[in-house]
Amino acid sequence: MPDIDRLMAGSLGTFLQEQRGEREAAKGEAWDRAWKAAMIAGPLAILGLILVPVDFGLKIWACFAVVTFIGVWVWKPIAAAKKRVKIGINEGIAEALGFTYEHDGEKGREYELAEQFGLLPDCDRSGVEDFWSGTLGDHAFKLHEAHLEERRGSGKNRRWVTVFRGAILRIGSGRTFHGITLLQRAGKHKKWFGGRKDSVKFGDHRLDIVDMVHPDFDDTFEVWSDDQTEARYLVDPLYVERLLELEKSFEGKDICSLFVEGDILVAVRSGNMFEGGTMNPESDRFMVEKCAGQFASMGRLAKSVQKDFGFTR
């Protein structure tokens, strides 16, 4: 974990100090836009409701659309200021840790594997942002945030519903696993008439349930694999402990993991992450500490897999 005092006393602290004025200016511009909208759009909306000879319901929908557009226009300066601060904080932390950070990017291997093996739910549209990469101990990693949505309802009630928002992490193990091992919360794969399935299929890959020897393990997680012996070795108490620690540090839930080829994948529902940009300068240090703490947990997870697996490269 980086030295927060040193970070705040260096270039990141200087940047955040400069952004105090920028954030105040953004607030002022937003208020100015809101005042102009109220003075111009308000009277026009009232006149439109009274004088325009169309169905009243259509008038209401038109007013709603106009209000939505104005709201986005008014909020735009604040959104831009928050994004600048967020990116500045994340770039500062990345530099201190020797990582690379980019706000925008494309889906990579970690997303494809998570989607293929059921770490992510089905969706109708998806987006990714906040791309981190670097080395944790001896392990290369890539991480990004994903936002998955599903179209629900019909007619006027059709809407987009978030089915997953959180982090997808891929850590290189430095070894090649013999099989594929999936760790998910208990109860994920059930038979039609109750009870747990004996096996699950992901395309051409069939994974069988693994009977674990850890006390109370089955109450929390289930393990599926095509190599029972390897699965029991990989998913040991320390790995599970670090996984739950990571879930807690991300303030997340439903964490799951996958061992495939030479990669270890982790997906966790954690809401909108790495959003260090706020309009309150007094919260800057807290947001820096929170983000740095998440990477410290990732580092401990990586260390928990630093074993001599005995596999071939």
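Keep in mind it's a predicted model, so treat the numbers as computed, not measured.

Bringing the environment of Ser11 into the picture now. Summarising the element assignment, Ser11 is placed in helix 2 (residues 11-51). As for Ser11 and Gly88, which are separated by 77 residues in sequence, their C-alpha atoms are 9.9 Å apart.

The biggest cluster of nonpolar side chains holds 43 residues, and the ones touching the most others in it are Trp132, Phe141, Leu169 and Met298. No other element matches the seven residues that helix 7 (residues 284-304) contributes to this core. If we skip the residues at most four places from it in the chain, Met298 touches Leu136, Phe141, Leu143, Leu169, Leu246 and Phe250.

Right, let's get into helix 6 (residues 237-249). Taking 1.5 Å per residue, 13 residues should reach 18 Å; helix 6 reaches 18 Å between its end C-alpha atoms and fits that length. Looking one or two places after helix 6, you find Glu251, whose phi comes out positive at around 55°.

Our next topic: the pattern of salt bridges. Inspection of the entire model under this criterion finds 16 salt bridges. Glu24 serves as the salt-bridge partner of Lys27, at 3.6 Å between the closest nitrogen and oxygen. You can see Lys27 and its partner Glu24 sitting in helix 2, three residues apart, about one turn around the helix. A residue is classified by how much of its surface remains accessible, and Glu24, at 48% relative accessible area, is partly exposed. Its salt-bridge partner being Glu145, residue Arg165 comes within 3.1 Å of it at the nearest N-O pair. In this pair, Arg165 is assigned in strand 4 (residues 159-172) and Glu145 in strand 3 (residues 139-152), connecting sequence segments 20 residues apart. Classification of Glu145 by relative accessible area gives buried; the value is 1%. One network of salt bridges, in which partners are shared, links Arg109, Glu110, Arg170, Glu261 and Asp263.

By the burial criterion, the buried members of helix 4 (residues 109-116) are Glu110, Tyr111, Leu113 and Ala114. Looking straight down helix 4, one finds that the buried residues subtend no more than 165° of arc, so they occupy a single side. Its buried side turned inward, helix 4 meets strand 2 (125-136), strand 3, strand 4, strand 9 (253-260) and strand 10 (263-269).

Moving on, we get to the side chain of His147. Secondary-structure assignment places His147 in strand 3. In terms of polar contacts, His147 uses its side chain to reach the side chain of Thr162, at 2.8 Å. Discounting chain neighbours no more than four positions away, the residues touching His147 are Arg125, Ser126, Gly127, Thr162, Phe164 and Arg165.

Scored by pLDDT, the protein chain has a mean of 81; 84% of the residues are at 70 or more. The low-confidence segment residues 308-313, where pLDDT is below 50, has 17 contacts with residues more than four positions distant or belonging to other chains.

Further remarks concern the packing of aromatic side chains. Taken as a whole, this structure holds five aromatic pairs when the rule is applied. Ring centres of Phe117 and Phe202 lie 5.7 Å apart, and the angle between their planes is 55°; this geometry places the pair in the tilted category. Here Phe117 is found in the loop between helix 4 and strand 2, whereas its partner Phe202 is found in strand 6 (residues 199-202), with 85 residues between them in sequence. We classify Phe117 as buried; its relative accessible area is 1%. A connected cluster of aromatic rings, assembled from ring pairs, spans Phe177, Tyr239 and Phe259. Sitting above the plane of the Trp160 ring, Arg125 keeps its charged end 3.9 Å from the centroid.

Here strand 2 pairs with strand 3 via ten bridges, running antiparallel. Within strand 3, the residue paired with Ser133 across the bridge is Lys142. The turn linking strand 2 back onto strand 3 is made up of two residues, and Gly137 within it adopts a positive phi angle of 65°. Pairing of strand 3 with strand 4 involves twelve bridges; the strand directions are antiparallel. Along strand 4, the bridge assignment pairs His144 with Ile168. Counted between consecutive antiparallel strands, the loop separating strand 3 from strand 4 contains six residues, among which Gly153 sits at a positive phi close to 85°.

The rules behind each value
- Residues numbered from 1 in each chain as written.
- Predicted model: local features only at pLDDT ≥ 70, side-chain atom pairs only at ≥ 80, totals over all residues.
- Heavy atoms only, no water.
- Helix = DSSP H or I, 4+ residues; strand = E, 2+ residues; numbered from the N terminus.
- Core = buried A, V, L, I, M, F, W, Y, C linked by side-chain atoms within 4.5 Å.
- Buried < 20%, exposed > 50% of the residue type's maximum accessible area, 1.4 Å probe, protein only.
- Contact = heavy atoms within 4.5 Å.
- Expected span 1.5 Å × (residues − 1).
- Salt bridge = Lys/Arg side-chain N within 4 Å of Asp/Glu carboxyl O.
- Arc of directions from axis to C-beta.
- Polar contact = N/O pair within 3.5 Å; in protein donor to acceptor, adjacent residues only side chain to side chain.
- pLDDT = per-residue confidence, 0-100.
- Phe/Tyr/Trp six-rings, centres within 6.5 Å; stacked < 30°, edge-to-face > 60°.
- Lys NZ or Arg CZ within 6 Å of the ring centre and 35° of its normal.
- Pairing = 2+ DSSP bridges.

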